[in-house]
Amino acid sequence: MAKPISTNNTKISKYIASTQRPDGTWRKQRRVKEGYVPQEEVPVYENKYVKFFKSKPELPPGLSPEATAPVTPSRPEGGEPGLSKTAKRNLKRKEKRRQQQEKGEAEALSRTLDKVSLEETAQLPSAPQGSRAAPTAASDQPDSAATTEKAKKIKNLKKKLRQVEELQQRIQAGEVSQPSKEQLEKLARRRALEEELEDLELGL
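Predicted model only: the values in this text are computed from it and were never measured.

This brings us to the overall build of the protein chain. The helix and strand inventory of the protein chain stands at six helices and three strands. Buried residues in the protein chain amount to 10% of all 204 residues. Across the protein chain, every contact between residues at least 6 apart in sequence was considered, and the portion connecting residues at least 24 apart equals 32%.

With that out of the way, let us pick up the packing of aromatic side chains. For any two aromatic rings, the description comes down to two numbers: the centre-to-centre distance and the angle of the planes. Going through the model one piece at a time under the given rule, you end up with one aromatic pair. The interplanar angle of 70° and the centroid separation of 5.3 Å between the aromatic rings of Phe-52 and Phe-53 together place this pair among those described as edge-to-face. Given a relative accessible area of 48%, Phe-52 falls into the partly exposed group.

A word on the confidence of the model for the protein chain. Across the protein chain, the average pLDDT comes to 76, with 74% of residues at 70 or higher. Across the protein chain, helix H1 (residues 48–55) holds the top mean pLDDT of 87, while helix H3 (residues 129–132) sits lowest at 48. Predicted confidence for residues 130–138 stays below pLDDT 50, and this span has nine contacts to residues more than four positions away or in other chains.

Judged by side-chain polarity, Tyr-49, Phe-52 and Phe-53 come together as a nonpolar surface patch covering roughly 390 Å² of accessible area. Relative to the elements of secondary structure, Phe-53 occurs in helix H1. In this structure Phe-53 comes out as exposed when scored by relative accessible area, which is 53%.

It is worth spelling out the pattern of salt bridges at this point. In total, this model carries eight salt bridges according to the counting rule given. The salt bridge involving Arg-98 is made with Glu-102; its shortest N-O contact spans 2.9 Å. Within this pair, Arg-98 and its partner Glu-102 are both found in helix H2 (residues 85–123), separated by four residues, close to a single helical turn. Judged by its relative accessible area of 39%, Arg-98 is partly exposed. With a closest N to O distance of 2.8 Å, Arg-191 and Glu-194 form a salt bridge. Of the two residues, Arg-191 and Glu-194 are both situated in helix H6 (residues 190–203); the distance of three residues between them amounts to about one turn of the helix. With a relative accessible area of 47%, Arg-191 lands in the partly exposed category. Connected via shared salt-bridge partners are Glu-165, Arg-190, Arg-191, Glu-194 and Glu-195.

Ile-154, Leu-157, Leu-161, Val-164, Leu-193, Leu-197 and Leu-200 together form the largest nonpolar core, which totals seven residues. Taken together, the elements giving at least two residues each to this core come down to helix H4 (137–173) and H6. Of all the elements, H4 adds the most residues to this core, at four residues. Not counting residues up to four positions away in its chain, the partners in contact with Leu-157 are Leu-193, Glu-196, Leu-197 and Leu-200.

A contiguous patch of positive charge on the surface is contributed by Lys-85, Arg-89, Lys-92, Arg-93, Lys-94, Lys-96 and Arg-97. By secondary structure assignment, the location of Lys-94 is in helix H2. For Lys-94, a relative accessible area of 55% translates into the label exposed.

Parameters and conventions
- Residues numbered from 1 in each chain as written.
- Predicted model: local features only at pLDDT ≥ 70, side-chain atom pairs only at ≥ 80, totals over all residues.
- Heavy atoms only, no water.
- Helix = DSSP H or I, 4+ residues; strand = E, 2+ residues; numbered from the N terminus.
- Buried < 20%, exposed > 50% of the residue type's maximum accessible area, 1.4 Å probe, protein only.
- Contact = heavy atoms within 4.5 Å.
- Phe/Tyr/Trp six-rings, centres within 6.5 Å; stacked < 30°, edge-to-face > 60°.
- pLDDT = per-residue confidence, 0-100.
- Patch = residues over 30% accessible without salt bridge, like charges linked within 9 Å, V, L, I, M, F, W, Y side chains within 5 Å.
- Areas by Shrake-Rupley, 256 points an atom, 1.4 Å probe, with all protein chains shown as cover.
- Salt bridge = Lys/Arg side-chain N within 4 Å of Asp/Glu carboxyl O.
- Core = buried A, V, L, I, M, F, W, Y, C linked by side-chain atoms within 4.5 Å.
- Lys, Arg positive; Asp, Glu negative; His and termini not counted.
- Charge placed at Lys NZ, Arg CZ, Asp CG, Glu CD.

The structure is reproduced here in structure tokens:
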């Protein structure tokens with residue numbers, strides 16, 4: 001709230017009148033210089049750019065407001081309304097990439113189907129012509145799952161054999177003077193691991 005300023009004509013000086021505080025006590029009257037503006041009345045500083053943009057009209061000079069009425073945007077050819085050239089180009093690229101990916105997946109699926117059907121015809125040469133041409137899409141997924149399972153088992157067995165060989169080399173080199181019970185069991189299982197690996201590799 002602006003404080004009332006009273007002028008003393010004899011001394012030509014101004015005074016800010018005494019005011020009451022919220023707790024009931026009074027503030028003293030203060031003398032101020034000529035030209036003093038209370039803090040509440042000081043305008044907020046604005047630089048020249050802010051002043052320029054505030055004074056700038058919304059429309060260019062001479063343009064009527066009717067001419068700026070919003071026009072319903074027409075949908076441009078091949079794309080979303082209001083997209084830039086770059087955005088349209090990016091949309092086309094994404095669409096093309098998606099189509100190529102779908103095409104690649106379809107080709108991979110057809111290749112695996114052909115491969116499976118060829119394997120089945122090679123395994124069953126005495127099968128009649130009609131049964132050879134039957135689609136094998138249903139049996140493709142379990143077969144591939146079994147193949148990946150076998151590949152995992154082979155990889156695991158090779159790892160175990162490698163560990164057994166490393167352990168044997170360490171024992172021969174003298175790094176392990178007294179092998180533990182588990183290490184001896186591992187060495188004893190070597191032949192069984194090799195046989196299992198051979199069986200799996202022949203099964204593939």
